[in-house]
Amino acid sequence: MMSSSLSDSEDQASSAKACFHYIPSKTDTDQLAHHSYPESSFYVIKNTQQSSPFHSSATTSISRTGNARTLFTVIPSMPQGPTTKTNASQQRLLIKGGRVVNDDASTLADVYIEDGIIKQLGLNLVVPNGTKTVDATGKLVMPGGIDTHTHFELPFMGTRSVDDFLTGTQAAVAGGTTTILDFVIPSKEQSLLEAYAQWRERADAKVCCDYGLHAAITTWNEQVAKDMEVLTKEKGINSFKVFMAYKGVFMLQDDEIFQVFAKCRELGGIAMVHAENGSVITELEKEMAQLGITGPEGHLLSRPEQLEAEATNRAITIAEQTRCPLYVVHVMSKTAADKVTAARLKGQVVFGEPIAASLGTDGSQYFNRCWRHAAAHVMSPPLRDDAVTGPYLMDLLANGSLSATGTDHCTFNANQKALGKDDFRKIPNGVNGVEDRLAVIWTKGVETGKLDVNQFVAVTSANAARIFNIYPRKGRIAVGSDGDCIIWDREAKKTISASTHHQACDFNIFEGMECRGLPVVTIVAGKVVYENGQLNTVQGSGKYLETTCFAEYVYQKLYKREELRDQHYKERKIEREPYTGEVVDITKPFAANNQKDQPTQSSGEPNAASAGFHNRPATRSGGRNLLDSSFTLSGDQWDDRNQRKSTRVQQPPGGQSKGLW
Ligand code: URP
Ligand code: ZN
Ligand code: ZN
């Protein structure tokens, strides 16, 4: 059985790869604005920076979190947390000579970033002396990637995922991702709010780029509903994930999912779902055990594609009934993707998220003769055992049926995967992806002619930013947006390998994949954090990103659909005279209620009226009124209860038979 219990102090197998991170001194107030402080520990003294229309919603969050980068200079009364010693010129960056690519257009333009925000965009910009310049001639300048789905240092299945918020975000920026969205997943004994605080504590101290949080709802009661309210209104979380799998651990039943979705809709959030039929999986896992299949292939064989498609459809159905927008995480199969596509074709507000793994590799790996190799690919839902699923999902990304991409980055080393060496059910579920997502999507999507560069931006950052309501602060290169950019060289090549990646894990599911098209420079909040294959990150320099509810991109259409649906219901309401007759008294025996229904026919006959037959009065001689029908549409006959005699007819018309007539 899976377990999510792991104490905070438990050892982690993670180790940071060679890089240039450091914990700086705490004295430089110039940079203190880049870090989070408890509300009580700071006060705003003046508005020194140009206000941005994109940061209007962030203004309120600033007052709650102390995330002051955007509008205010903040002097903390008690400096806490890591700070960086920098001079002013390091906060000014000009990206020169590149082609700026957004999801809707591309243009030759320089980008000037100051204090973490894009301040100018265009040619022949006038910038202050001493501004650092990065040459992007001949390259593309795109918004940094947004990974919608990570699990850094997640306690799961008796162990903890090996990439933490430091190595995870370092690997992210090395691969061109500048924002990650992780999941708060409470353990059995934890409240949602406690888990949220724990995730913040873990992440704030380590992240090298901005991050946001989704919350998983793993149990349902009134307190959870209240906590959801607090998370949306006070803690900046607008997305809630339910699990239809992991029976006995995280899985919710349909009625509970209905309640979560309804609450989520009330709060203006977006529901997320891990869609697999957990109950049937548990039964199929037992069948595998009976067949003596204990290796990683049993993981795939006990989780057939139909179970993903069925659960996806069920989640979509429940979302429609609760009028809640839905985001289906890790879409791993063609048939599940088809369910999302069908719902979108009907206009339902549903989004599907394929991941780097489902786009870049496949489930044939589970049949590899090397146990470690096969186990490294164990994740749920599993990779599918065909070579066409990946290209199929990519086609759906290209035509807009699927919307955003994540990785479900949740890594375990060989010795952790080995927890399931004799039983695939105990192999910790999870694979890597945070570092390679962009390169994999470019190689499998753009280089194959399925995606153009604008679509590449749409599916790697802009769509996610819209869905989770952080657009255009993230996911766009525009004046006022955060200075999170990548410089992309479409000619650059590399072969992915665990021996060179920045992730803490000892295996890479894309090992040996030749990628063409790579990020050569990554810029986070106007600072170059990755260049020439070298990281230059600052631990804890990333910010917590509050995501607010009622995202326009998600809710605009939903309001209208809701309004029309209510109108439709009202129109169908029938005005009737109230029923004034008798009501059955269910406290009395059945016969007592039905006295008046007793037949008037001769005794022994069934109560024809109550059985659905006509009940004309008997004839004067007491016989059955022949105007009555003797049968119902169901085929019953009025005298069915009377034993009928059967007669063997020796010489029936039409020839002899042994049958009964
Ligand atoms: O196998 C997976 N996907 N591991 C992470 C937990 C989850 O289901 O997202
Ligand atoms: Zn999941
Ligand atoms: Zn996940």
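Computed from a predicted structure; not experimentally measured. (Residues numbered from 1 in each chain as written. Chains lettered and ligands numbered in written order. Predicted model: local features only at pLDDT ≥ 70, side-chain atom pairs only at ≥ 80, totals over all residues. Heavy atoms only, no water.)

Participant: Mind laying out the nonpolar core, listing which residues take part and the relevant values?
Facilitator: Core analysis: the biggest nonpolar cluster contains 102 residues, and Met142, Ile217, Met228, Ile237, Phe261, Leu326 and Tyr327 have the highest contact counts within it. Ranked by residues supplied to this core, first place goes to helix α16 (residues 453-467) with eight residues. Setting aside its immediate chain neighbours within four residues, Ile217 contacts Leu192, Val224, Met228, Phe240, Lys241, Val242, Phe250, Leu252 and Val260. Within the second largest apolar cluster, 25 residues are counted, among which are Tyr366, Ala439, Val440 and Leu518. (Core = buried A, V, L, I, M, F, W, Y, C linked by side-chain atoms within 4.5 Å. Buried < 20%, exposed > 50% of the residue type's maximum accessible area, 1.4 Å probe, protein only. Helix = DSSP H or I, 4+ residues; strand = E, 2+ residues; numbered from the N terminus. Contact = heavy atoms within 4.5 Å.)

Participant: Before we move on, can you summarise the UniProt feature "modified residue: N6-carboxylysine" (unreviewed entry) in the chain with the specific residues and values?
Facilitator: According to UniProt, the "modified residue: N6-carboxylysine" (unreviewed entry) feature falls on Lys241. Looking at where Lys241 falls in the secondary structure, it is placed in strand β15 (residues 239-243). Other than its neighbours up to four places away in sequence, Lys241 contacts His149, His151, Phe183, Ala215, Ala216, Ile217, Met272, His274, Val329 and His330. (UniProt positions renumbered as here; feature names shortened; annotations may be inferred.)

Participant: Any details on the coordination of the zinc ion (ligand 2)? Residues and values, ideally.
Facilitator: Protein coordination at the zinc ion (ligand 2): the donors are Lys241 (NZ), His274 (ND1) and His330 (NE2), at 2.1 to 2.5 Å from the metal. Considered as a linear motif, the donors of the zinc ion (ligand 2) on their single chain read K-x32-H-x55-H. Here the zinc ion (ligand 2) and the zinc ion (ligand 3) are spaced 3.6 Å apart. Of this pair, Lys241 sits in strand β15 while His274 sits in strand β16 (residues 270-274), and the two are 33 residues apart along the sequence. Across this residue pair, the class does not change: Lys241 and His274 are buried. (Donors = N, O, S within 2.8 Å, 3.2 Å for Na, K, Ca; no water.)

Participant: With reference to specific residues and values, describe the environment of Ile118.
Facilitator: On the secondary structure map, Ile118 appears in strand β7 (residues 117-122). Overall, Ile118 belongs to the buried group, its relative accessible area being 0%.

Participant: I'd like a description of a nonpolar patch on the surface, backed by residues and values.
Facilitator: A cluster of nonpolar side chains, contributed by Tyr579, Val583, Val584 and Ile586, occupies part of the molecular surface with about 530 Å² of accessible area. Within the secondary structure, Val584 is located in the loop between α17 (552-572) and α18 (590-593). The class for Val584 is exposed, based on a relative accessible area of 54%. (Patch = residues over 30% accessible without salt bridge, like charges linked within 9 Å, V, L, I, M, F, W, Y side chains within 5 Å. Areas by Shrake-Rupley, 256 points an atom, 1.4 Å probe, with all protein chains shown as cover. Salt bridge = Lys/Arg side-chain N within 4 Å of Asp/Glu carboxyl O.)

Participant: Could you give an account of the pattern of salt bridges, with specific residues and numbers?
Facilitator: The final tally for this structure, using the stated rule, is 31 salt bridges. For Glu310, the salt bridge is made with Arg314, and the minimal N-O distance between the two is 2.7 Å. Separated by four residues within a single helix, Glu310 and Arg314 lie in helix α9 (residues 305-322), roughly one turn from each other. For the salt bridge of Asp386 with Lys334, the shortest nitrogen-to-oxygen distance reads 3.1 Å. Remark: Lys334 occurs in helix α10 (residues 334-345) and Asp386 occurs in the loop between α12 (371-376) and α13 (389-398); sequence separation between them is 52 residues. Overall, the relative accessible area of 21% leaves Asp386 in the partly exposed class. Here the salt bridges do not stand alone but share partners, grouping Asp210, Arg473, Lys474, Asp482 and Asp484 into one network.

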